[in-house]
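Chain by chain, the residues:
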Amino acid sequence: TWLLHIDADELFHCPACTVSEHFASLSQDGVTVMNYINYEGVPEQDEYENFLENVTLFKRHLSHLPGYTKDKPVTDAVNFWVRRSATKQQYFVGYQNGKSAVAVVEGAVPLSVHEWLPPTPGLFKRGCLNIRDLDTGGALTYREDKACVLHYISCGFEWWWRKYSLLGRFEDAWFGGALPIPACFHTQSRDLVNSGAKEKARGFYRNTMVLTDGPEKDKQIALGVLQRIDLPRELMLQARTGVVEGSQKCNQSAVLEACGSSDCTQSSAPVDLLRCSRCKSVNYCSEQCQRSDWPRHRVKCVPSS
């Protein structure tokens, strides 16, 4: 049994297998604490009736960006978001230190909403996603395609307005003043919403959060800064309507997978999907889909170790 803390605006995304299979594999490896990177939702319009079902565009975590700080086009794409932020300093408008899960074993206690304290030393074995250039302290590392947390932060103006109306005039520090909150999207949202200036707040929300520029989206997706993740939407649509849409595939064990090509229009696929032979992390329903997706996929295709 495992415990994972995620909020009402988050989903645990496990693209290659079911959630139960994922945690079973961690248990088999002897892992008792697992850290996950978060991706941040990008709204493409002002309002969503159900953002969990309709938001499919995400900023990838900086640690997963190919060529960040070394490749000027990638750096420029990141700085596009930094320039839009309230402080001109934020790529993610929310947290970027991920979330963690813990096996229910003796001694496991939460350190925060993001992290668990190690359980009894004799039972502690840590795992994390393979974060480039980070000393993981001897933890077992896993490829990023195994799982991550999707954070649909403030996806929809009215949702954002209601959220900060509910939070009210919170203090400029967490934990009773022990940890100051620097000026950021969170504090500026508080101030704007509690001022009651709704149209001014709407302008701030659009300028900071919403991306409607089609060519900019295409460029950032090609560079690997943004990523389309359709599987949560397709799973929820199927659960609600029984209809399978777009690129969703289902194999004989009922594990749903997505064809890696954004151009895929097939409604069904063979049980044995094709897999990229270089990185072994992306599936395709046909050679045609694999060839059409290569210009986009090549920028983040890292040889599997």
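Higher on the page you've got the structure.
Note that this is a predicted model, so its numbers are computed, not measured.

Undergrad: Help me out: how do you make sense of the pattern of salt bridges in this one?
TA: Two side chains that carry opposite charge are able to pair once their charged atoms sit near each other. This model, assessed by the stated rule, comprises 16 salt bridges. Across the pair Glu199 and Arg202 runs a salt bridge, and its minimum N-O distance is 3.7 Å. Pair noted here: Glu199 and Arg202 are both in helix α6 (residues 198-209), with a separation of three residues, about one helical turn. The class of Glu199 is exposed, set by a relative accessible area of 59%. For Arg202, a relative accessible area of 16% puts it in the buried group. For Arg291, the salt bridge identified is with Glu287, shortest N-O distance 3.7 Å.

Undergrad: Explain the sheet that holds strand β11 (residues 148-151) here, please?
TA: Paired through backbone hydrogen bonds, the strands of a sheet run either parallel or antiparallel to each other. Across the sheet, five strands lie side by side as β2-β11-β4-β5-β14; this open sheet has mixed pairing. The sheet is open, and its two borders are formed by β2 (10-13) and β14 (226-228), each paired with just one other strand. Averaged over neighbouring strand pairs, the angle between their axes works out to 35° when direction is ignored. Summarising the sheet, β2 and β11 pair through four bridges and their orientation is antiparallel. Note that in β11 the partner of Glu10 across the bridge is His151.

Undergrad: Would you take a moment to explain helix α5 (residues 185-195) for this structure?
TA: Residues separated by three or four positions in an α-helix point in the same direction, a consequence of the helix having 3.6 residues per turn. Of all the residues in α5, the buried ones are Phe185, Thr187, Ser189, Arg190, Leu192 and Val193. Those residues of α5 that are buried are in contact with α4 (157-167) and α6.

Undergrad: Where do I start with the packing of helix α3 (residues 72-84) against helix α7 (residues 214-223) in this structure?
TA: The N-to-C vectors of α3 and α7 enclose an angle of 130°; their axes lie 10 Å apart at closest approach. By the criterion of interaxial angle, the relationship of α3 to α7 is oblique. The two elements α3 and α7 meet at a crossing, and its hand is left-handed. Residues Pro73, Val74, Ala77, Phe80 and Trp81 of α3 lie in contact with α7, whose contacting residues are Glu216, Gln220 and Leu223. In terms of residue class, the contact of α3 with α7 is built from six nonpolar, one polar and one charged.

Undergrad: Quick question: what am I supposed to make of the nonpolar core here?
TA: Nonpolar side chains tend toward joint burial in soluble globular proteins. Within the largest apolar cluster, 17 residues are counted, with the highest numbers of intra-cluster contacts made by Trp160, Phe185 and Met209. Among the secondary structure elements, those contributing two or more residues to this core are α4, α5 and α6. Among all residues touching Trp160, those that are not within four sequence positions of it are Ser154, Phe185, Ser189, Val193, Ala201, Phe204 and Tyr205. Judged by nonpolar contacts, the second largest core, of 16 residues, contains Val82, Leu223, Val225 and Leu226.

Undergrad: Explanation requested: helix α1 (residues 19-28) in the structure shown.
TA: Three or more residues of α1 are buried, namely His22, Phe23 and Leu26. Along the axis of α1, the buried residues cluster in a sector spanning 90°; they form a single face. Those residues of α1 that are exposed and aimed more than 90 degrees away from the buried face are Ser20 and Gln28. Directly beyond the C-terminal end of α1, a positive phi value near 85° is found at Gly30.

Undergrad: Sorry if this is basic, but what is going on with the packing of aromatic side chains here?
TA: Within the structure shown, the criterion is met by 15 aromatic pairs. Relative to Trp161, the ring of Phe157 lies with its centre 6.0 Å away and its plane at 35°, an arrangement referred to as tilted. Here Phe157 and its partner Trp161 are both found in helix α4, four residues apart, which amounts to about one turn of the helix. For Trp161, a relative accessible area of 13% corresponds to the buried category. Aromatic rings pair up to connect Phe157, Trp160, Trp161, Tyr164, Phe185, Phe204 and Tyr205 into one cluster. Sitting over the face of the ring of Tyr91, Lys59 holds its NZ or CZ atom 5.6 Å from the ring centroid.

Rules behind the numbers
Residues numbered from 1 in each chain as written. Predicted model: local features only at pLDDT ≥ 70, side-chain atom pairs only at ≥ 80, totals over all residues. Heavy atoms only, no water. Salt bridge = Lys/Arg side-chain N within 4 Å of Asp/Glu carboxyl O. Helix = DSSP H or I, 4+ residues; strand = E, 2+ residues; numbered from the N terminus. Buried < 20%, exposed > 50% of the residue type's maximum accessible area, 1.4 Å probe, protein only. Pairing = 2+ DSSP bridges. Axes fitted to C-alpha atoms, helices over the stretch in contact; angles between N-to-C directions. Contact = heavy atoms within 4.5 Å. Parallel < 35°, antiparallel > 145°, perpendicular 65-115°, else oblique. Left-handed = near helix turned anticlockwise from the far one by under 90°. Nonpolar A, V, L, I, M, F, W, Y, C, P; charged D, E, K, R; others polar. Core = buried A, V, L, I, M, F, W, Y, C linked by side-chain atoms within 4.5 Å. Arc of directions from axis to C-beta. Phe/Tyr/Trp six-rings, centres within 6.5 Å; stacked < 30°, edge-to-face > 60°. Lys NZ or Arg CZ within 6 Å of the ring centre and 35° of its normal.

Bear in mind that shape data such as this cannot, by itself, settle questions of function.
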